[in-house]
Amino acid sequence: MRYVLRRGFGVAPTLAGVLVVTFLITHCLPGDPAVFFASNPSMDAGAVAAIREKLGLDLPLWRQFFLYVAQVAHGDLGQSITTGQPVARDLMRLLPASMELTICAFALANLIALPLGIAAALRPRSLMDHACRIISTAGVSLPTFVTGLVLIYVFYYLADIAPEPIGRIDAFAVPPPRVTGFFLVDTLLSGDARGFVMAAKQIVLPALTMALFALAPLARMTRAAMLGVLSADFIRAARANGLSASTIVFTYAFRNAMLPVVTTLGMVFSYMLGANVLVEKVFAWPGIGSYTLDALMALDYAPVQGFMLMMAAIFVAINLLIDVVYALIDPRAELDADA
Amino acid sequence: MRDRLASARRVLAENPLDLVALGFFSLLVLCAALGPCIAPYDPLATDTTIALQAPSLAHWFGADQLGRDIFSRVVVATRLDLFIAFAAVVLSGVVGSVIGAAIGYHRGFADASVSRVVDVLMAFPLFVLAMATVAALGNTIMNVIYATAIINLPFYIRLARAETNIRRGLGYVEAARVGGSSHARILFVCLLPNILPALVVQASLNLGWAVLNAAGLSFIGLGVRAPTPEWGIMVADGAQFITSRQWWIALFPGLALMLAVFSFNLIGDGLRDIVDPRSRT
């Protein structure tokens with residue numbers, strides 16, 4: 001517990017840095033927000049100046065930064081010009097869509113990658129091993145936006161199994177009453193089996209697209225880690241003592257092999273959050289990625305700022321979680337941190 | 001050197017796939033060098049009579065919605081895509097290794113502060129950071145290169161720092177110091193050449209990723225602009241036609257992109273196997 005707390009405090013400087021970077025980058029975004037607000041042609045230079053003053057854009061940079069930090073501390077991420085809503089509310093409304101997609105893809109990737117990697121490591125140079133190598137090298141080479149399009153063409157246009165790749169649910173269907181915002185969960189909660197199937201059909205292709213990309217490093221790492229562990233002395237000792245193969249593989253080897261895999265998860269998640277933007281665009285998925293892209297094209301910078309902040313916060317939180325999981329799997333990590 | 005060559009031959013013999021990758025790589029370099037001379041048509045010339053035509057003998061990869069020959073566009077685009085990736089990787093590689101080696105050698109305050117900055121950069125999902133950087137700096141090819149270089153930078157800094165840190169206490173470094181060499185000389189003459197192989201492997205592994213990244217940026221409309229032939233943009237152009245039968249507009253540039261990244265990754269793996277056999281996975 002103490003370890004968790006200390007790790008938690010450890011991210012504070014990183015978060016502060018994230019605030020600075022986010023602020024500086026969005027500050028450089030082209031387009032004067034005051035002119036945007038004052039899009040009414042009858043407004044003159046004086047009116048624009050008044051709006052600049054109201055938005056605090058006439059203050060020196062460092063004061064603007066502190067204003068910004070104070071706003072963020074109050075949960076205020078500014079106002080989106082395109083939707084006319086507070087950015088924080090927009091993001092919270094759209095976040096479940098993105099999370100649902102990312103979590104499904106992540107689960108899918110793990111379900112495929114871990115068994116594949118283990119199977120490959122148990123029989124090096126077998127057919128399974130070569131399959132693992134090809135999949136893991138090909139997987140990282142697949143641009144998500146191309147895989148997505150190919151999947152759409154094959155499963156929607158040619159085979160006609162998948163629904164039209166637009167949004168989270170059929171355009172004419174009523175979305176489920178919002179409880180968690182995850183359509184898959186909400187439809188089940190309201191006992192709507194048809195809605196669940198519909199939502200599941202919509203999510204399969206985008207989730208698969210992302211999973212294909214994410215599973216490559218995972219399978220590769222699992223294979224390498226398992227290979228390393230299986231050749232260790234304690235495994236040989238276990239074998240010599242006559243333990244069953246499944247005990248050796250799952251109880252002894254797997255837990256040890258998980259350590260480097262768990263560390264890779266952080267990197268995989270970073271890729272996935274980035275790939276999210278591309279996948280959401282390809283499948284017209286109404287998540288925070290599409291929302292930010294629309295804002296970016298409209299030179300509407302508050303949403304971009306909010307999005308970057310949110311992404312970084314999520315990613316930092318996930319890394320923290322990974323550290324904790326790591327300590328749970330390997331108690332030595334905690335000791336090292338104390339030393 | 002002879003050992004290296006021998007092990008290179010062994011690695012290649014074990015992985016025929018690496019040879020294939022080398023073949024693809026040469027093909028790409030050829031396209032990049034001679035692109036406009038190989039292309040049978042002008043990549044920008046529009047011809048509405050053949051708009052949306054399927055692949056045929058005259059137009060191998062078909063034609064897009066404006067009647068431009070896709071094969072020519074894919075070939076000509078090679079130069080731009082490879083240039084962006086190479087420039088970004090070289091830029092981040094050189095800057096990152098010098099910074100990383102310097103802070104790994106000197107430690108102290110510079111080390112602590114640069115490491116903090118690297119932590120902050122790594123706290124962003126990297127593609128998101130690249131997206132925001134291009135949007136902020138402006139929509140030009142140079143800025144795509146800078147953005148891709150920035151998100152690659154942390155890897156080189158960390159690697160060079162770690163590698164220098166291991167070596168800074170070694171005998172030959174101490175000998176150089178006792179012999180009166182300046183810090184700069186120790187850094188550039190004794191340390192950097194020794195950590196170079198690891199950095200080169202990292203760079204070759206990053207190359208594929210840099211291509212993906214640049215194409216991804218132009219796919220969402222950042223960076224390279226419309227009429228310019230570039231794989232990411234061409235895929236974006238074709239995306240709207242994928243649900244109405246015209247698969248070739250998006251598929252061929254997508255395939256070129258995949259092929260490029262695939263061969264870069266395989267070459268990177270092969271190079272690592274040669275340079276550092278222990279880290280084979």
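Student: Please clarify how the overall build of chain B should be interpreted in this entry.
Tutor: Scanning chain B for helices and strands turns up 10 helices and 0 strands. The dimensions of chain B, computed from C-alpha atoms along their principal axes, are 75 × 45 × 30 Å. Taking all 281 residues of chain B together, 48% fall into the buried category. Taking the contacts inside chain B whose residues are at least 6 apart along the sequence as the reference set, 70% of them involve residues at least 24 apart.

Student: Help me understand the overall build of chain A in this model?
Tutor: When you go through chain A residue by residue, the secondary structure sums to 15 helices and 0 strands. Summarising the internal contacts of chain A: among those between residues at least 6 apart in sequence, 71% fall at separations of at least 24.

Student: What should I look at first to understand the interface of chain A and chain B in this one?
Tutor: How big an interface is tends to be stated in terms of the accessible area lost upon association of its parts. Contact with chain A, which involves 43 residues of that partner, is made by 37 residues of chain B. Every element with two or more residues in the side of chain A that touches chain B is listed here: helix 2 (12-28), helix 7 (127-141), helix 8 (144-158), helix 10 (193-230), helix 12 (245-282), helix 13 (288-297) and helix 14 (301-329) of chain A. Of the residues belonging to the side of chain A that touches chain B, the class tally is 33 nonpolar, 7 polar and 3 charged.

Student: What is the right way to look at the packing of helix 9 (residues 231-239) of chain B against helix 10 (residues 248-275) of chain B in this model?
Tutor: Describing two packed helices takes the angle between their axes plus the distance from one axis to the other. Residues and elements named next belong to chain B. Contact geometry for helix 9 and helix 10: axes closest at 7 Å, N-to-C directions at 155 degrees. As judged from the angle between their axes, helix 9 and helix 10 are roughly antiparallel. When the axes of helix 9 and helix 10 are compared, the crossing they make is left-handed. Taking contact as the criterion, the partners of W231, M234, V235, D237, G238 and A239 in helix 9 are, on helix 10, I249, A250, P253, G254, A256 and L257. Its residues assigned to classes, the contact of helix 9 with helix 10 shows 9 nonpolar, 2 polar and 1 charged.

Student: What am I meant to see in the confidence of the model for chain A here?
Tutor: Any region with low pLDDT has predicted coordinates that should not be read closely. With 88% of its residues at a pLDDT of 70 or more, chain A has an overall mean of 79. Model confidence for chain A, summarised as mean pLDDT per element, is weakest for helix 3 (residues 33-37) of chain A at 57 and strongest for helix 6 (residues 87-122) of chain A at 87.

Student: Quick question: what am I supposed to make of unusual backbone geometry here?
Tutor: When glycine is set aside, most residues are seen to have a negative phi, and most peptide bonds are trans. A positive phi is found at A284(A), a non-glycine position, where the angle reads about 45 degrees. Looking at the element boundaries, A284(A) is found in the loop between helix 12 and helix 13. C-beta crowding within 10 Å serves as the criterion here: with 13 such atoms nearby, A284(A) is assigned to the partly exposed category. At R107(B), a position not held by glycine, the phi torsion is positive, near 55 degrees. Along the chain, R107(B) falls in the loop between helix 3 (70-106) and helix 4 (108-122).

Student: Please explain the environment of I157(B) as it appears in this structure.
Tutor: Here I157(B) lies in helix 6 (residues 141-167). In contact with I157(B), not counting residues within four places along its chain, are G96(B), I99(B), G100(B), V114(B) and V118(B).

Student: Explanation requested: the nonpolar core in the structure shown.
Tutor: For soluble globular proteins, nonpolar side chains are generally found buried alongside one another. Of all hydrophobic cores here, the largest spans 168 residues; its most connected members are A214(A) and V211(B). Examining the composition of this core, we find that 20 residues originate from one element, helix 10 of chain A, more than from any other. Each of domain 1 (2-73) and domain 2 (94-338) of chain A contributes no fewer than three residues to this core. Setting aside anything within four residues of it in sequence, one finds A214(A) in contact with A105(A), F106(A), A109(A), V268(A), Y271(A) and M272(A).

Student: Any chance you could explain the confidence of the model for chain B here in plain terms?
Tutor: Per-residue confidence for chain B gives a mean pLDDT of 82; residues scoring 70 or more make up 94%. Scored as a whole, the predicted complex attains pTM 0.82, and scored at its interfaces, ipTM 0.80.

Student: Is there a simple way to explain the environment of M131(B) in this structure?
Tutor: Turning to its location among the elements, M131(B) is positioned in helix 5 (residues 126-137). C-alpha separation for the pair M131(B) and A147(B), spaced 16 residues apart in sequence, amounts to 7.8 Å.

Student: Where do I start with helix 4 of chain B in this structure?
Tutor: Every α-helical turn comprises 3.6 residues, leaving residues that sit three or four positions apart pointing alike. An ideal rise of 1.5 Å per residue puts 21 Å on 15 residues; helix 4 of chain B measures up with 21 Å between its terminal C-alpha atoms. Turning to helix 4 of chain B, its buried residues are V118(B), V120(B) and M122(B). Contacts from the buried residues of helix 4 of chain B go to helix 2 of chain A together with helix 6 of chain B.

Student: When you look at the environment of G270(B) in this model, what are you seeing that I'm missing?
Tutor: Residue and element names in this part refer to chain B. Position of G270 among the secondary structure elements: in helix 10. Look at G270 and you get buried, because 22 C-beta atoms sit within 10 Å. The spacing of G270 and V201 is 69 residues in sequence and 9.2 Å in space, taken between C-alpha atoms.

Cut-offs and rules
Residues numbered from 1 in each chain as written. Chains lettered and ligands numbered in written order. Predicted model: local features only at pLDDT ≥ 70, side-chain atom pairs only at ≥ 80, totals over all residues. Helix = DSSP H or I, 4+ residues; strand = E, 2+ residues; numbered from the N terminus. Buried ≥ 20, exposed ≤ 12 C-beta atoms within 10 Å, placed from the backbone. Contact = placed C-beta atoms within 7 Å. Nonpolar A, V, L, I, M, F, W, Y, C, P; charged D, E, K, R; others polar. Axes fitted to C-alpha atoms, helices over the stretch in contact; angles between N-to-C directions. Parallel < 35°, antiparallel > 145°, perpendicular 65-115°, else oblique. Left-handed = near helix turned anticlockwise from the far one by under 90°. pLDDT = per-residue confidence, 0-100. Core = buried A, V, L, I, M, F, W, Y, C linked by C-beta atoms within 7 Å. Domains from an automatic or database assignment. Expected span 1.5 Å × (residues − 1).

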